[in-house]
Amino acid sequence: MAFHYQRLAQQIAHKIYQQQLLPQQKLSSLRDFAAQHHVSVSTAKSCYEWLEAQGLIYVRPKSGYFVKPRSGLSRLPVSPEFESMPREVSNLMLQNQIQEASIQNHLIPFGAIQLSPELVPIDGLRRSIQRALKYCKPEDFLYCEKQGHLRLRQALSEHWREDGIYVAPSDIFITNGCMPALSLLIQQLSREGDSVLIPTPTFNGQLQMLAGLNRHIIEIPADHSGIDLLRLEQAMQQHRPKLCLLTANYQNPLGYCLADQDKQTIAQLAARYECIILEDDIYAECSHNGQRPRPIKHWDEAGYVVWVSSVSKSLSSAYRIGWFCIGAQLESMRPQFLSHNMIVNTPLQLALADFIFSRAYRAHLNQLYPRLLQQVEVYRDAILNAFAPLSIGLSQPQGGYALWLELPETINSMTLYEVAQQHGINIVPGTVFGEDQRYGHFIRLSVGHALRRDYHAAIIFLADWVKQHG
């Protein structure tokens, strides 16, 4: 479990990486810092010493502590402008091809967003599975109720309460992952041919799912600061869509986290235009500042937000357990949700409940936060050094472990994707994150694995190819 000084240090590190604290900026004195955060001077000193050891700050004798200049600064990717209108997802075959390639484990894993096995608490999960099997009841070996095992729903409800998120166990539906939950909801809340609002660029797997369900999309511009809320309201008002599918916390691929005011605004827009928000919150527990941000659901007074997530990004991609949480507006649809929800493996549900109740999951998250922050920054530095002196745009995610790269406009990311595959490297070309080839010179890299020597060499290969063909 992280010490208090480490959590404070992580929050300061996050501000440095996000350039909220600038190079050479003076930090509060130890006594002022201690007073501001209601800690002892020794805790404040431990916090600053941790930051100094990480190379983020330095001390000037008789002057105090200052932010250390960093080499890994770059411009952020520029998001192209486009018109928001109903349309089909045009590249389903390509989406399927790239999705299949992204999970080929023999390739260098810059494709699928998943944690390295080194970041998965395998021993703790094993112990929870053993305890769950040892103490389960005879009825646990019969069919489980379709809403999910009550013990897991209680565990999740109590876990979220610690982060100020209040959802009753009766409003939680356990599913076989986040994407199955979204698919079920989209099929029950809309019809084929209906349009779904989405921010763009957006997770290619969501576009693949919407295309497979024969839904149209209305794209809303997004960039590193978040979603264009004015365009979102205009689309709701003009097209009156039934659904909006978005991520507020550490969106894939951009990595932004919406401000609380923006989340509240989206909840209000949903109620005003009677548009259900499907909030995919799968990265919220992959924070870089040690704190889990609240979802849009927290501000959902009218019940138009459905909160959807899983543990596949924060714990293990192999742990296929997800959930969705409904509000008052969808209470009447409970029978339909129960009828179409697939029963989830009961022993696995009980094992996850044990992992949460035993505090092992909370301990895992406290260890994961700083490791993700440092790992993402190591990759950013490696990418910027490899691509120098080219002018590239590189995202600075606030959480998660996806990086979004804007390459020179002369680069075709599909060609780079194919060349990389031939050399044993898996990346995802930007063209599958939106329509009209507008992201044809972008790529997304997963940085869920530590930067080994061969991974570093792969980045250098990509950079050298871009330099030769740019």
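Only a predicted model underlies this, so the values are computations on that prediction, with no experimental measurement involved. (Residues numbered from 1 in each chain as written. Predicted model: local features only at pLDDT ≥ 70, side-chain atom pairs only at ≥ 80, totals over all residues. Heavy atoms only, no water.)

Engineer: So what exactly am I meant to see when it comes to the overall build of the protein chain here?
Structural biologist: When its secondary structure is counted, the protein chain shows 15 helices and 17 strands. Here the C-alpha radius of gyration of the protein chain, 22 Å, is about what a compact globule of 470 residues would show, namely 23 Å. Oriented by its inertia axes, the alpha-carbon framework of the protein chain measures out at about 65 × 55 × 45 Å. Summarising the internal contacts of the protein chain: among those between residues at least 6 apart in sequence, 77% fall at separations of at least 24. When the accessible surface of the protein chain is totalled, it reaches about 19900 Å², and 51% of it is carbon and sulfur. Distance between charge centroids for the protein chain: 8 Å, based on 42 positive and 42 negative side chains. (Helix = DSSP H or I, 4+ residues; strand = E, 2+ residues; numbered from the N terminus. Rg over C-alpha atoms; globule rule 2.2 N^0.38 Å. Contact = heavy atoms within 4.5 Å. Areas by Shrake-Rupley, 256 points an atom, 1.4 Å probe, with all protein chains shown as cover. Lys, Arg positive; Asp, Glu negative; His and termini not counted. Charge placed at Lys NZ, Arg CZ, Asp CG, Glu CD.)

Engineer: I keep staring at the packing of helix α4 (residues 92–101) against helix α8 (residues 204–212) and nothing clicks. Help me out?
Structural biologist: For any two helices packed against each other, one specifies the crossing angle of their axes together with the interaxial distance. Close contact between α4 and α8 brings their axes to 9 Å; oriented N to C, the two are set at 130 degrees. For the element pair α4 / α8, the angle class is oblique. Taken as a pair, α4 and α8 cross one another with a handedness that is left-handed. Contacts from L92, Q95, N96 and Q99 of α4 reach α8 at N204, G205, L207, Q208, A211 and G212. (Axes fitted to C-alpha atoms, helices over the stretch in contact; angles between N-to-C directions. Parallel < 35°, antiparallel > 145°, perpendicular 65-115°, else oblique. Left-handed = near helix turned anticlockwise from the far one by under 90°.)

Engineer: So what exactly am I meant to see when it comes to the environment of E409 here?
Structural biologist: In this fold, E409 is placed in the loop between β14 (402–406) and α14 (413–422). Counting along the chain gives 33 residues from E409 to F442, while the straight-line C-alpha distance between them is 8.7 Å.

Engineer: Teacher, can you tell me more about the packing of aromatic side chains here?
Structural biologist: What describes a pair of aromatic rings is the distance from one ring centre to the other and the angle between the planes of the rings. Counting across every chain of the model gives 16 aromatic pairs. With centroids separated by 6.5 Å and ring planes inclined at 80 degrees, the aromatic side chains of Y283 and Y401 adopt a geometry described as edge-to-face. In this pair, Y283 is assigned in the loop between β10 (276–280) and β11 (305–310) and Y401 in the loop between β13 (393–394) and β14, connecting sequence segments 118 residues apart. By the burial criterion, Y283 is buried, and Y401 matches it. Joined through ring pairs, the aromatic side chains of W404, F433, Y439 and F442 make up one cluster. Seen from the ring of F66, R60 lies directly overhead, with NZ or CZ sitting 3.8 Å from the centre. (Phe/Tyr/Trp six-rings, centres within 6.5 Å; stacked < 30°, edge-to-face > 60°. Buried < 20%, exposed > 50% of the residue type's maximum accessible area, 1.4 Å probe, protein only. Lys NZ or Arg CZ within 6 Å of the ring centre and 35° of its normal.)

Engineer: What am I meant to see in the pairing of β14 here?
Structural biologist: Burial runs high along β14: five of the five residues are buried. Covered by surrounding structure in β14 are A402, W404 and E406 together with L403 and L405, the residues of both alternating faces. Pairing geometry for β13 and β14, over two bridges, is antiparallel. The residue bridging L394 from the neighbouring strand is L405, located in β14. (Pairing = 2+ DSSP bridges.)

Engineer: How should I be thinking about the nonpolar core in this particular structure?
Structural biologist: Nonpolar side chains in soluble globular proteins tend to be buried together. The biggest cluster of nonpolar side chains holds 137 residues, and the ones touching the most others in it are F110, L278, F324, F337 and I427. Counting residues per element, this core draws most heavily on helix α13 (residues 360–387), which supplies twelve residues. Membership of the second largest hydrophobic core comes to 22 residues, among which are A9, F33, A34 and A44. (Core = buried A, V, L, I, M, F, W, Y, C linked by side-chain atoms within 4.5 Å.)

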